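Read off the chains here:
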Amino acid sequence: MDCIFCKIINKEVPSHLVYEDEILKIFLDINPATNGECLIVPKNHFKTIMELDNETNEHILKIEKKLYLIFKEKLGCDGMTIMQNNDYGQEVPHFHIHLVPRYNKDMFRTTSDKDLLVDFENIINQLND
Ligand code: 5GP
Ligand code: ZN
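Below or above, wherever it landed, is the structure these notes cover. This is a predicted model, so every value here is computed, not measured.

Regarding the coordination of the zinc ion (ligand 2)
Thinking step 1. Distances from the zinc ion (ligand 2) to its protein donors, C3 (SG), C6 (SG), H45 (ND1) and H94 (ND1), fall at 2.0 to 2.3 Å.
Thinking step 2. Taken together, the four donor atoms coordinating the zinc ion (ligand 2) span angles of 100 to 118° at the metal, a pattern that classifies the geometry as tetrahedral.
Thinking step 3. Mapped onto the sequence, the donors of the zinc ion (ligand 2) take the spacing C-x2-C-x38-H-x48-H. Linking C6 in helix α1 (residues 4-9) with H94 in the loop between β4 (79-83) and β5 (97-102), this pair joins segments that are 88 residues apart in sequence. The pair C6 / H94 is uniform in exposure class, with both members buried.

Thoughts on the site of ligand 1
Thinking step 1. Around ligand 1 there are 16 residues in total, and L28, D29, N85, E91 and H98 lie nearest to it.
Thinking step 2. Measuring from a nitrogen atom of ligand 1, one finds a backbone N or O atom of L28 at 2.9 Å.
Thinking step 3. At a separation of 2.9 Å, an oxygen atom of ligand 1 approaches a polar backbone atom of V92.
Thinking step 4. Here ligand 1, which alone exposes 520 Å², has 86% of that area covered by the protein.
Thinking step 5. When atom positions are compared with the pocket grids, ligand 1 is found to occupy the largest pocket.
Thinking step 6. The element contributing the most residues to the shell around ligand 1 is α1, with three residues.
Thinking step 7. Here the residues of the shell around ligand 1 are counted per class, giving eight nonpolar, six polar and two charged.

Quick word on the pattern of salt bridges
Thinking step 1. Applying the stated criterion across every chain, the model contains four salt bridges.
Thinking step 2. Between K47 and D87 there is a salt bridge, with the nearest N and O atoms lying 2.9 Å from each other. Here D87 lies in the loop between β4 and β5 and K47 lies in the loop between β3 (38-42) and α2 (54-75), a separation of 40 residues in the sequence.
Thinking step 3. Note on K47: relative accessible area 33%, which makes it partly exposed.
Thinking step 4. Note that D106 is salt-bridged to R102, the shortest N-O span being 2.9 Å.
Thinking step 5. We classify D106 as buried; its relative accessible area is 16%.
Thinking step 6. Among the residues examined, R102 registers a relative accessible area of 22% and is labelled partly exposed.

Quick notes on the rules
Residues numbered from 1 in each chain as written. Chains lettered and ligands numbered in written order. Predicted model: local features only at pLDDT ≥ 70, side-chain atom pairs only at ≥ 80, totals over all residues. Heavy atoms only, no water. Donors = N, O, S within 2.8 Å, 3.2 Å for Na, K, Ca; no water. Tetrahedral: all angles 85-135°; square planar, octahedral: opposite > 155°, others 65-115°. Helix = DSSP H or I, 4+ residues; strand = E, 2+ residues; numbered from the N terminus. Buried < 20%, exposed > 50% of the residue type's maximum accessible area, 1.4 Å probe, protein only. Near = heavy atom within 4 Å. Polar contact = N/O pair within 3.5 Å; in protein donor to acceptor, adjacent residues only side chain to side chain. Areas by Shrake-Rupley, 256 points an atom, 1.4 Å probe, with all protein chains shown as cover. 1 Å grid on protein atoms, 1.4 Å probe; cavity = no way out; pocket = protein on both sides within 12 Å on 5 of 7 lines; lining within 4 Å. Sits in = over half its atoms within 2 Å of the grid points. Nonpolar A, V, L, I, M, F, W, Y, C, P; charged D, E, K, R; others polar. Salt bridge = Lys/Arg side-chain N within 4 Å of Asp/Glu carboxyl O.

Now the structure itself:
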């Protein structure tokens, strides 16, 4: 399969390895938002969250908690933003989670297009419709 993350998992493409076990591989993002941004990538080629199974998800949660402690201790981060894109906004169509270590006064931003924002009532009405 022509998937960059499958290739990294199979060692056909190099990566800076943070952690690996039988279920997943974690490596540094090639274009980090902050120092130490890494990607948690299940070894199975799931495309989006819709294909992810509960067992893998539970395993990921455990590893995220461990890594958060390690990143705080070793990288001195002050927080961690965890995010995951599905379909729109997803550059690599192999499920992965971004762990973004956060540092006091870092410039990490999630931007929003103010012109596309509707009021809160509108959102709740749409969700309950
Ligand atoms: P997405 O937009 O799919 O949520 O995020 C894909 C991420 O994968 C991006 O942050 C991008 O920098 C990273 N990425 C893309 N290609 C490679 C690669 O070949 N190696 C590594 N380490 N990261 C990559
Ligand atoms: Zn893949």
